[in-house]
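Here's the letter readout for the chains.
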Amino acid sequence: FEAVASRLSFSGGAAALHVSPAAVSSQIRTLEERIDQPLFIRKGRKVELTEVGKQLLPGVQRGMVELRKAMQSIEQNRNEGLLNVSMVPIFIQKWMMPRLTGFYQVVPEIDLRVNADRRIVNFDETDFHAAIRFGPGNWPGLKSIKLMDDWILPVCSPSLLKQIGPISSPAELQKHKLLYTNNEVWDAWFRDAGLTHEDQRMPRLSDALIILLAAEQGEGIALSRWSLVARDISHGRLVQPLPHLVKTEWSYYFVAPDHYFDMPKVAAFRDWMIGLCNEFEKPV
């Protein structure tokens, strides 16, 4: 019924199930006889759902989703094998990448696959087990655990700082090109500095990685987060023109559906991430 109803086609449903249209028609007739109600209106090759069919379909689809979850949980409830985790690209490149080899060394039996994507993953429609997200910490229908906080700070290239000289207050940043993404995460910094987004004349860019690259090349002063620039600062690629740090209102979280959250291989990666984040040095 679900295969035919979602496609409004007996032949399409049969093809999806790898059976003959006659077999599908026979099963549909059996179901209609069981509930003593017609489910489809057949108009030649076209098919429409009756009101009863429209009422039945959402419940059947919800049941199929739950069945799929249960089957996936049983099939993948192992201590080893493939583990799919989603993260945003800049977090992977600036924080995660230098640390990934450590996981493979500690748990070589788990085949960790990290997917870089800005979009929020839909666990019902994909094969992802977990995700690392930066946000307020509340995602309906998912379990989450806080990994670490973060701090907002301005950074620029050493050559630019040498050119413009020391900056003594956040207000002085208005005299220079301030680069940042159009994101509410910066609100805490602007409030603390007594500034507003409207005070800035520079256009806000959409890609945080491009902004940091521009800052490295001396194109301006970037607003970024400690987690993303700590390594660049330690290697001398970026410096702090102003020792002004503001804790973000958002944090990093490990997020997963309930049926995956405590799966052994997911738990192994989660615990490893917690340990890494606990070791990550906070800004001075």
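Coordinates for the structure precede this section.
Remember, predicted model here, so these are calculated numbers, not experimental data. (Residues numbered from 1 in each chain as written. Predicted model: local features only at pLDDT ≥ 70, side-chain atom pairs only at ≥ 80, totals over all residues. Heavy atoms only, no water.)

## Overview of the pairing of strand β1 (residues 40-43)
Here β1 pairs with strand β2 (residues 46-49) via four bridges, running antiparallel. Of the residues in β2, the one forming a bridge with K43 is K46. Adjacent in sequence and paired antiparallel, β1 and β2 are bridged by two residues, among which G44 carries a positive phi angle near 65 degrees. (Pairing = 2+ DSSP bridges. Helix = DSSP H or I, 4+ residues; strand = E, 2+ residues; numbered from the N terminus.)

## Overview of empty space enclosed by the protein
Summed over all chains, the structure comprises one cavity of 30 Å³ or more. Counted as a void, the largest cavity has a volume near 50 Å³. Among the secondary structure elements, those contributing two or more residues to the lining of the largest cavity are α4 (51-76) and α11 (258-261). Residue composition of the lining of the largest cavity, by class: three nonpolar, two polar and three charged. (1 Å grid on protein atoms, 1.4 Å probe; cavity = no way out; pocket = protein on both sides within 12 Å on 5 of 7 lines; lining within 4 Å. Points joined across faces, edges and corners; volume = space filled by probe spheres on them. Nonpolar A, V, L, I, M, F, W, Y, C, P; charged D, E, K, R; others polar.)

## Some details on the nonpolar core
Counting residues in hydrophobic clusters, the biggest one holds 63 residues, and the most contacted among them are W95, M96, I132, W189, F254, F269 and M273. Residue contributions to this core peak at six residues, all from helix α12 (residues 264-279). Not counting residues within four places of it along the chain, the set of residues in contact with W189 comprises I152, P154, P170, L173, L195, L223, H244 and V246. Membership of the second largest hydrophobic core comes to 12 residues, among which are A5, A14, I28 and L49. (Core = buried A, V, L, I, M, F, W, Y, C linked by side-chain atoms within 4.5 Å. Buried < 20%, exposed > 50% of the residue type's maximum accessible area, 1.4 Å probe, protein only. Contact = heavy atoms within 4.5 Å.)

## Brief notes about unusual backbone geometry
Even without being glycine, H18 reaches a positive phi, approximately 60 degrees. Relative to the helices and strands, H18 is located in the loop between α2 (10-17) and α3 (21-35). The class of H18 is exposed, set by a relative accessible area of 73%. Phi at D36 takes a positive value of approximately 55 degrees, unusual for a residue other than glycine. When you line up the elements, D36 lands in the loop between α3 and β1.

## Concerning the sheet that holds strand β4 (residues 110-116)
Strand pairing in a sheet is mediated by backbone hydrogen bonds. Such pairs are either parallel or antiparallel. Strands sit in the order β4-β3-β5-β11-β6 across an open sheet of five strands; the sheet is mixed. The open sheet is flanked by β4 and β6 (143-148), the only strands paired with a single partner. Ignoring strand direction, the axes of neighbouring strands in this sheet form an average angle of 25 degrees. Pairing geometry for strand β5 (residues 130-135) and strand β11 (residues 251-256), over five bridges, is antiparallel. Looking at the pairing, I132 lines up with F254 of β11. Sitting on the sheet, α12 touches β3 (81-87), β4, β5, β6 and β11, and the angle it makes with β3 is about 45 degrees. (Axes fitted to C-alpha atoms, helices over the stretch in contact; angles between N-to-C directions.)

## Considering the layout of surface pockets
By volume, the largest pocket amounts to about 750 Å³. As for the largest pocket, its lining consists of 35 residues, of which V88, I90, R118, N183 and R225 are closest to the centre. Contributing elements (two or more residues each) for the lining of the largest pocket: β3, α5 (89-96), β5, α9 (208-216) and β9 (221-225). Counting residues per element, the lining of the largest pocket draws most heavily on β5, which supplies five residues. Split by residue class, the lining of the largest pocket holds 22 nonpolar, seven polar and six charged.

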